[in-house]
Amino acid sequence: MPDLTTKRSLEPQWREAAAAISDSRSILVISHIAPDGDAVGSLLGMAGALRNAGKEVTAVIDGGAPKDLRFIPRSDTVLAAIAEVEFDLMISLDSSDIERIGVAGAYGLAHSKRVINLDHHPTNTRYGDIHLIVPEAVAATEIVFDFLNHLGSAITSDIAYALLTGLITDTQGFRISATKGRTLEIAQSLMACGAPLALIMAQTLNRRPYEEIELWKRVLPRVRLDNGLISADIRQADVESVGLQTPADGGLVSHLVNVDRALISVVFKETAEGSIEVSLRAKPGFNVADVAFALGGGGHTLASGCTIAGSLAQVKDRVLPLLNQAIAEGTPAFE
Ligand code: AMP
Ligand code: MN
Ligand code: MN
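Everything quoted here is computed from the prediction, not taken from an experiment. (Residues numbered from 1 in each chain as written. Chains lettered and ligands numbered in written order. Predicted model: local features only at pLDDT ≥ 70, side-chain atom pairs only at ≥ 80, totals over all residues. Heavy atoms only, no water.)

Q: What is the right way to read the overall build of the chain from this model?
A: Along its length, the chain carries 12 helices and 11 strands. A compact globule built from 335 residues would reach a C-alpha radius of gyration of about 20 Å, and the chain, at 20 Å, matches this within 12%. In terms of overall dimensions, the chain has C-alpha extents of about 55 × 45 × 35 Å along its principal axes. Taking all 335 residues of the chain together, 52% fall into the buried category. Within the chain, contacts between residues separated by at least 24 positions form 66% of all contacts whose residues are at least 6 apart in sequence. As displayed, the chain offers around 14900 Å² of accessible surface, 53% of which is attributable to carbon and sulfur atoms. With 29 positive and 40 negative side-chain charges, the chain shows a spacing of 3 Å between the two charge centroids. (Helix = DSSP H or I, 4+ residues; strand = E, 2+ residues; numbered from the N terminus. Rg over C-alpha atoms; globule rule 2.2 N^0.38 Å. Buried < 20%, exposed > 50% of the residue type's maximum accessible area, 1.4 Å probe, protein only. Contact = heavy atoms within 4.5 Å. Areas by Shrake-Rupley, 256 points an atom, 1.4 Å probe, with all protein chains shown as cover. Lys, Arg positive; Asp, Glu negative; His and termini not counted. Charge placed at Lys NZ, Arg CZ, Asp CG, Glu CD.)

Q: What should I look at first to understand the coordination of the manganese ion (ligand 2) in this one?
A: Octahedral metal centres with six donors ideally show angles of 90 or 180 degrees, and tetrahedral centres with four donors ideally show 109.5 degrees. Around the manganese ion (ligand 2), the protein supplies His 32 (NE2), Asp 36 (OD), Asp 36 (OD) and Asp 94 (OD) as donor atoms, at distances of 2.1 to 2.6 Å. Positions of the donor residues of the manganese ion (ligand 2) along the chain correspond to the pattern H-x3-D-x57-D. Separating the manganese ion (ligand 2) from the manganese ion (ligand 3) is a gap of 3.6 Å, bridged by Asp 94, which donates to each. For His 32, a relative accessible area of 2% puts it in the buried group. Residue classification places Asp 36 among the partly exposed positions, given a relative accessible area of 30%. (Donors = N, O, S within 2.8 Å, 3.2 Å for Na, K, Ca; no water.)

Q: Explain the coordination of the manganese ion (ligand 3) here, please?
A: At 2.1 to 2.3 Å from the manganese ion (ligand 3) lie its protein donor atoms, namely Asp 38 (OD), Asp 94 (OD), His 120 (NE2) and Asp 170 (OD). Mapping the donors of the manganese ion (ligand 3) onto the primary sequence yields the spacing D-x55-D-x25-H-x49-D. Residue class for Asp 38 comes out buried when judged on its relative accessible area of 0%.

Q: Would you take a moment to explain the sheet that holds strand S5 (residues 130-133) for this structure?
A: Picture the strands of a sheet paired through backbone hydrogen bonds; they go either parallel or antiparallel. A sheet is described by the order of its strands in space; here 5 strands give the open sequence S2-S1-S3-S4-S5, paired in parallel fashion. With one partner strand each, in any of the chains shown, strand S2 (56-60) and S5 form the two edges of the open sheet. Strand-to-strand twist across the sheet, computed as the mean angle between neighbouring axes with direction ignored, equals 20°. Pairing geometry for strand S4 (residues 112-119) and S5, over 4 bridges, is parallel. Note that in S5 the partner of Asp 119 across the bridge is Ile 133. Each of strand S1 (26-31), S2, strand S3 (87-93) and S4 is contacted by helix H2 (residues 37-52), which is oriented at about 165° to S1, the strand it contacts most. Set on the sheet, helix H4 (residues 140-151) makes contact with S3, S4 and S5; between it and S4 the angle comes to about 115°. (Pairing = 2+ DSSP bridges. Axes fitted to C-alpha atoms, helices over the stretch in contact; angles between N-to-C directions.)

Q: Sorry, what's going on with the pairing of S3 here?
A: Regular strands have side chains that alternate between both faces of the sheet. Extensive coverage of S3 is indicated by the burial of 7 of its 7 residues. As paired elements, S1 and S3 share 5 bridges and run parallel to each other. Counted as the bridge partner of Ser 31 is Leu 93 from S3. In this sheet, S4 lies alongside S3 in parallel orientation, the contact comprising 6 bridges. In the sheet register, Ser 92 faces S4, and the bridge partner there is Asn 117. The β-α-β motif built from S3, the intervening helix H3 (residues 102-110) and the parallel element S4 has right-handed crossover chirality. (Right-handed = clockwise from strand over helix to strand, strands pointing away.)

Q: Just to check I follow, could you spell out the site of ligand 1 for this structure?
A: Within the structure, ligand 1 sits among 15 residues, and His 121, Ser 279, Arg 281, Gly 298 and Ser 304 are positioned closest to it. Contacts to ligand 1 include Arg 281, whose side-chain N or O atom sits 2.8 Å from an oxygen atom. One nitrogen or oxygen atom from the side chain of His 300 is found 3.4 Å from an oxygen atom belonging to ligand 1. Coverage of ligand 1 by the protein chains reaches 82% of its 480 Å² of free accessible surface. Put simply, the parts of the chain that give the shell around ligand 1 at least two residues each are strand S9 (275-282), strand S10 (298-299) and strand S11 (303-309). A total of 5 residues in the shell around ligand 1 trace back to one element, the largest contributor, which is S11. Taken together, domain 1 (4-204) and domain 2 (210-329) each give at least three residues to the shell around ligand 1, which thus spans both. (Near = heavy atom within 4 Å. Polar contact = N/O pair within 3.5 Å; in protein donor to acceptor, adjacent residues only side chain to side chain. Domains from an automatic or database assignment.)

Pasting the structure below:
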């Protein structure tokens, strides 16, 4: 059996976090707004283990678990809003800054005695009291897996299901360059605990709403490729005319960066609130995390994002020069 035990360098933080949990009765677990598979998976994995340990657990994400992630067992336990109560401990998952944890997170920060910040974004702002931050982890669920092993918690089939969902969605099915041999070992271990890999793939990466095709039909004619920078914009009128509910469109920006002549991709999406969501992806050898962070957002070296107030034209004028600079500063890792 491969060594799947916790990394030694985090030993003091693991111990401090374990003690905080053991001293707590009521625990709030939260994750980021516009939740993805890793947000809901890490939340449900952690919540399930805490409930099995007899803790009084409240799991909240603003708006609840999105429809397309309700296939994950126990996703019906994720509340859409928080009740006015106090907590001994809050555990924040997969969330790099306090804007990302939304209304529920802001409430939790003010009404919890201690806060554990468990995350894998290199741009994490280190809010909270105890930091389980592992930028090398491909998903927050990888850190939850390590932490549960540290605690000696049993990984039930429901917990394994939730954790494998985060691993699959954040690695795009083990395709991103950060995927390690150990990622596959953890996946194997979760499958041995009962997580259904093929079913999770079918419910996530291999399932798209037809409305997305209608949206892409409107958006693709405006795609531009200049000097390795490929860009597209999604207008509010497009989103409204096709009736697409999903808040983000990681699908298009990830698809665009795979174009052979592209080095960085960007999708600008108008929101109903008059701001622009900017999604960024890079080929290995380039860095879009620094660009997103400088613009008030965050993410990973190869996948990041931010939200900027202003019109499409204004936001493009601000972002495109920074991306051209990121292209000039990088070198492709693979030719
Ligand atoms: P997306 O392009 O929305 O799929 O997001 C890609 C990555 O960027 C994810 O790791 C997100 O956590 C991160 N990200 C996206 N938007 C923001 C934001 N406004 N603030 C911080 N991180 C973000
Ligand atoms: Mn996430
Ligand atoms: Mn993640």
